[in-house]
Amino acid sequence: MGVETHPADAGARTFGTGHRFRLPAHRLSPLVEAVGWFTLFGIVTFLVVGGWGEADEIALLKTVHAALSSGFMDAAMRFLSGLGNQPLFWLLMLSFLGWHAYRRLKGRHAFWLWLKMVVAVVVAVGVADGLSGRVFKPLVGRERPVKIVKGLWAQVSGGRAKAFPSSHAANAFAAARVLHQLVPPQGLWWLVAALIAFSRIYLGAHFPTDVLGGAFLGLSVGALVVTLWRRYAAMA
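Residues numbered from 1 in each chain as written. Predicted model: local features only at pLDDT ≥ 70, side-chain atom pairs only at ≥ 80, totals over all residues. Heavy atoms only, no water.

Colleague: How would you sum up helix 5 (residues 107-140)? Please name residues and give values.
Modeller: Between its first and last C-alpha atoms helix 5 spans 48 Å; for 34 residues at 1.5 Å apiece the expected length is 50 Å, and the two agree. Bending of helix 5 peaks at approximately 30° at the position of S132. Taken residue by residue, helix 5 has A110, L113, M117, V118, A120, V121, A124, V125, A128, S132, F136 and K137 as its buried positions. Where helix 5 ends, the next residue or the one after it, G141, has phi of about 70°, a positive value. (Helix = DSSP H or I, 4+ residues; strand = E, 2+ residues; numbered from the N terminus. Expected span 1.5 Å × (residues − 1). Bend = angle between axes of the 7 residues up to and from the residue. Buried < 20%, exposed > 50% of the residue type's maximum accessible area, 1.4 Å probe, protein only.)

What follows is the structure, given as structure tokens:
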């Protein structure tokens, strides 16, 4: 018996096992998924505002720095943290999406598919960045670890921006959720998002819950964009 596939999922590819890489919540509609992720974001926000577990987070930050700190890790984490600011990264991303679109369609149809994929990613990242940086950071008002934890040296500057939620994590996971829907290899997008998020903890820019909250927020935004993508594809 065949498996029904939504038209907007046509970009997914099977791997050697014959199974797709799927999110644990793949049986849920993206809209329900978005509500679920945002609910988790709300729970984390409530815990952060209430100061729950902050002592444990400080201990975890110190453990990460003591156990993993090295010249190589410093350079690798700074590279990952700044990946979204590198023009070459976005040029490679645009090229990869264009190549994938051309593999599926030809001519102007490939161009329009490429343009729609680019718009989907840009909208997801833009909304996640705006919500995290301009709405929730000022509302929650949590200071960055370097201003709270004595003796912690942050390797990157967050400026005057607050800590919760992490915009890096929100942006990375919003993009990963959309790319998971659109182009393989799906596992790669999650790996990159997780490494970017971890780099913010390693560099002392965020507490773990800042990153966790950012990831949940980004996933909710990404799932919402996927909802719009599916509805648009169904009408196209």
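Colleague: Account for a nonpolar patch on the surface, naming residues and giving values.
Modeller: Together, L40, I43, F46, L47 and W52 make up an exposed nonpolar region whose accessible area comes to about 530 Å². If you trace the backbone, W52 turns up in the loop between helix 1 (30-49) and helix 2 (54-68). The exposure class assigned to W52 is exposed, which follows from its relative accessible area of 60%. (Patch = residues over 30% accessible without salt bridge, like charges linked within 9 Å, V, L, I, M, F, W, Y side chains within 5 Å. Areas by Shrake-Rupley, 256 points an atom, 1.4 Å probe, with all protein chains shown as cover. Salt bridge = Lys/Arg side-chain N within 4 Å of Asp/Glu carboxyl O.)

Colleague: Could you give an account of the environment of W37, naming the residues involved and the relevant values?
Modeller: Within the element layout of this structure, W37 appears in helix 1. Counting along the chain gives 180 residues from W37 to L217, while the straight-line C-alpha distance between them is 6.8 Å.

Colleague: Mind laying out the pattern of salt bridges, listing which residues take part and the relevant values?
Modeller: What the rule picks out here adds up to 5 salt bridges. Of the charged contacts, one joins E57 and R142 as a salt bridge, the two residues approaching to 2.9 Å between their closest N and O atoms. Taken as a pair, E57 in helix 2 and R142 in the loop between helix 5 and helix 6 (145-148) lie far apart in primary sequence, 85 residues in all. Neither E57 nor R142 differs from the other in exposure class; each is buried. R142 is the salt-bridge partner of D210, the closest N and O atoms lying 2.7 Å from each other. In this pair, D210 sits in helix 9 (residues 208-235) while R142 sits in the loop between helix 5 and helix 6, placing the two residues 68 residues apart along the sequence. When sorted by exposure, D210 lands in the same class as R142, which is buried. Ionic contacts of the salt-bridge type, sharing partners, join the residues E54, E57, R142 and D210 into one network.

Colleague: Could you give an account of unusual backbone geometry, with specific residues and numbers?
Modeller: The peptide bond linking F164 to P165 adopts the cis configuration, its omega dihedral lying at -5°. Take P165: it is sitting in the loop between helix 6 and helix 7 (167-182). Between P184 and P185 the backbone carries a cis peptide bond, its omega angle lying at 0°. By the secondary structure assignment, P185 is in the loop between helix 7 and helix 8 (186-202).

Colleague: Provide a residue-level description of the nonpolar core, including the pertinent values.
Modeller: Counting 47 residues, the largest nonpolar core has L97, M117, F173, V178, L179, L182 and V183 as its most contacted members. Elements that contribute at least two residues to this core include exactly helix 1, helix 2, helix 4 (87-104), helix 5, helix 7, helix 8 and helix 9. Not counting chain neighbours up to four residues away, the residues in contact with V183 comprise F96, L97, H100, M117 and W189. Ranked by size, the runner-up nonpolar core spans 6 residues in total, among them V64, M77, L80 and L203. (Core = buried A, V, L, I, M, F, W, Y, C linked by side-chain atoms within 4.5 Å. Contact = heavy atoms within 4.5 Å.)

Colleague: If you had to explain helix 1 to someone new, which residues and values would you point to?
Modeller: For helix 1, spanning 20 residues, the distance from its first C-alpha to its last is 28 Å, which sits close to the expected 28 Å at 1.5 Å a residue. Those residues of helix 1 lying buried are P30, E33, A34, F41, V44, T45 and V48. The buried residues of helix 1 occupy an angular sector of 115° when the element is viewed end-on, so they sit on one face. Exposed residues on helix 1 whose side chains face more than 90 degrees from its buried face are V35 and F46. Once helix 1 ends, the next one or two residues include G51, with phi positive near 75°. (Arc of directions from axis to C-beta.)

Colleague: Any chance you could break down the packing of helix 3 (residues 71-81) against helix 8 for me, citing the residues and the numbers?
Modeller: Where helix 3 meets helix 8, the closest approach of the two axes is 8 Å, and the angle between their N-to-C directions is 125°. The angle between the axes of helix 3 and helix 8 places the two elements in the oblique class. In the packing of helix 3 onto helix 8, the handedness of the crossing is left-handed. On the side of helix 3, the interface is formed by M73, D74, M77, L80 and S81, while helix 8 contributes L195, I196, F198, S199, R200 and Y202. Across the contact of helix 3 with helix 8, the residue classes break down as 7 nonpolar, 2 polar and 2 charged. (Axes fitted to C-alpha atoms, helices over the stretch in contact; angles between N-to-C directions. Parallel < 35°, antiparallel > 145°, perpendicular 65-115°, else oblique. Left-handed = near helix turned anticlockwise from the far one by under 90°. Nonpolar A, V, L, I, M, F, W, Y, C, P; charged D, E, K, R; others polar.)

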